[in-house]
Amino acid sequence: MHKNATITKQVIFKPNTMEAVLIFQSYELPSWQEIEPGMMFTHLEKYSDYVRIRTISQEQSLRLDKELFIRENGHPVKPYICAMDGTILAKPEEIGWWDCGEDCDSYTEIGEKEFNLILENEGLIDVETTYDDDEGYQLLYMDGKVIISIPQEYEESEEEYSGEISNHFKTNDNDEESEEW
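Residues numbered from 1 in each chain as written. Predicted model: local features only at pLDDT ≥ 70, side-chain atom pairs only at ≥ 80, totals over all residues. Heavy atoms only, no water.

Asker: Just to check I follow, could you spell out the overall build of the protein chain for this structure?
Answerer: When helices and strands are counted, the protein chain shows four helices and 12 strands. Taking all 181 residues of the protein chain together, the buried fraction comes to 35%. Long-range pairs, those at least 24 residues apart, make up 65% of the contacts in the protein chain with a sequence separation of at least 6. Put simply, the protein chain shows about 12,300 Å² of open surface, and 45% of that area lies on carbon and sulfur atoms. (Helix = DSSP H or I, 4+ residues; strand = E, 2+ residues; numbered from the N terminus. Buried < 20%, exposed > 50% of the residue type's maximum accessible area, 1.4 Å probe, protein only. Contact = heavy atoms within 4.5 Å. Areas by Shrake-Rupley, 256 points an atom, 1.4 Å probe, with all protein chains shown as cover.)

Structure follows, in structure tokens:
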């Protein structure tokens, strides 16, 4: 996919989402590897507590001194989506689609702007899910990548939604809940 890729949304009457958190994990570059276009680094803005993501461009990668840049900016980072209990739900190569809400009729490829918007929201995201009778709730993949958005408020009351979701986890007539989720 190219940088400004989009995918048309399928008609979904009520999205199933799971609350999760987007984190950025640093990794050390091998001594032989140079800083490449598309690599992400964290950046603490001056006079602020906000951490931002900066993506290296082709031009920047050609003129960077790797050792000096890493000494000043730290190691590169990769995004991961984690459940609220810390379980990794999606690895960097699986993170790709951004749902900008009801105002948009397509998903866009996630980038620096969207990552920074998520960081402003303390990393909290919604990840779209699908339900299968055999598998239960699973992440929804489109072209091998998950779809994420800023958590949305839904018109349906929390009690109605919680009741509907918990009905999918019933395991027997005693109304006990399964621990599949």
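Asker: So what exactly am I meant to see when it comes to unusual backbone geometry here?
Answerer: Among all residues except glycine, the phi angle is most often negative; among peptide bonds, the trans geometry is most common. You will see that Glu-122, though not glycine, has its phi angle at about 60 degrees, which is positive. Within the secondary structure, Glu-122 sits in the loop between α3 (112-120) and β9 (124-132). If you check the backbone angles, Asp-143 has positive phi at about 55 degrees while not being a glycine. Positionally, Asp-143 belongs in the loop between β11 (141-142) and β12 (145-149). Owing to a relative accessible area of 53%, Asp-143 belongs among the exposed residues under this scheme.

Asker: What am I meant to see in the pattern of salt bridges here?
Answerer: For side chains bearing opposite charge, pairing can occur when the charged atoms are close. Scanning all chains against the criterion turns up two salt bridges. Residue Arg-63 pairs with Glu-59 through a salt bridge whose shortest N-O separation is 3.9 Å. Here Glu-59 and Arg-63 lie together in helix α1 (residues 58-63), a separation of four residues that amounts to about one turn. For Arg-63, a relative accessible area of 59% translates into the label exposed. (Salt bridge = Lys/Arg side-chain N within 4 Å of Asp/Glu carboxyl O.)

Asker: Please explain α3 as it appears in this structure.
Answerer: Each α-helix turn comprises 3.6 residues. Residues three or four places apart therefore point the same way. Every buried residue belonging to α3 is among Glu-114, Phe-115, Asn-116 and Ile-118, and all of these are buried. Two residues or fewer past α3, Glu-122 is found with a positive phi of approximately 60 degrees.

Asker: Where do I start with the side chain of Glu-128 in this structure?
Answerer: Looking at where Glu-128 falls in the secondary structure, it is placed in strand β9. Judged by its relative accessible area of 6%, Glu-128 falls in the buried class. Of note is the side chain of Glu-128, whose polar atom sits 3.4 Å from the side chain of Tyr-107. (Polar contact = N/O pair within 3.5 Å; in protein donor to acceptor, adjacent residues only side chain to side chain.)

Asker: Whenever I open this one, the nonpolar core confuses me. Can you help?
Answerer: The nonpolar side chains of a soluble globular protein tend to be buried, and buried together. Core analysis: the biggest nonpolar cluster contains 19 residues, and Ile-81 and Ile-148 have the highest contact counts within it. Of all the elements in the fold, those that place two or more residues in this core are β2 (16-26), β5 (77-82), β7 (95-98), α3, β9 and β12. Here this core takes three residues from β2, the largest share from any one element. Contacts of Ile-148, omitting those with residues within four sequence positions, involve Ile-81, Ile-95, Trp-97, Trp-98, Asp-99, Ile-110, Ile-118, Ile-125, Asp-126 and Val-127. (Core = buried A, V, L, I, M, F, W, Y, C linked by side-chain atoms within 4.5 Å.)

Asker: Please clarify how the environment of Ile-150 should be interpreted in this entry.
Answerer: Mapped onto the secondary structure, Ile-150 falls in the loop between β12 and α4 (158-167). C-alpha separation for the pair Ile-150 and Ile-118, spaced 32 residues apart in sequence, amounts to 6.7 Å. With near-sequence residues (within four places) excluded, Ile-150 lies in contact with Trp-98, Leu-117, Ile-118, Asn-121, Leu-124 and Asp-126.

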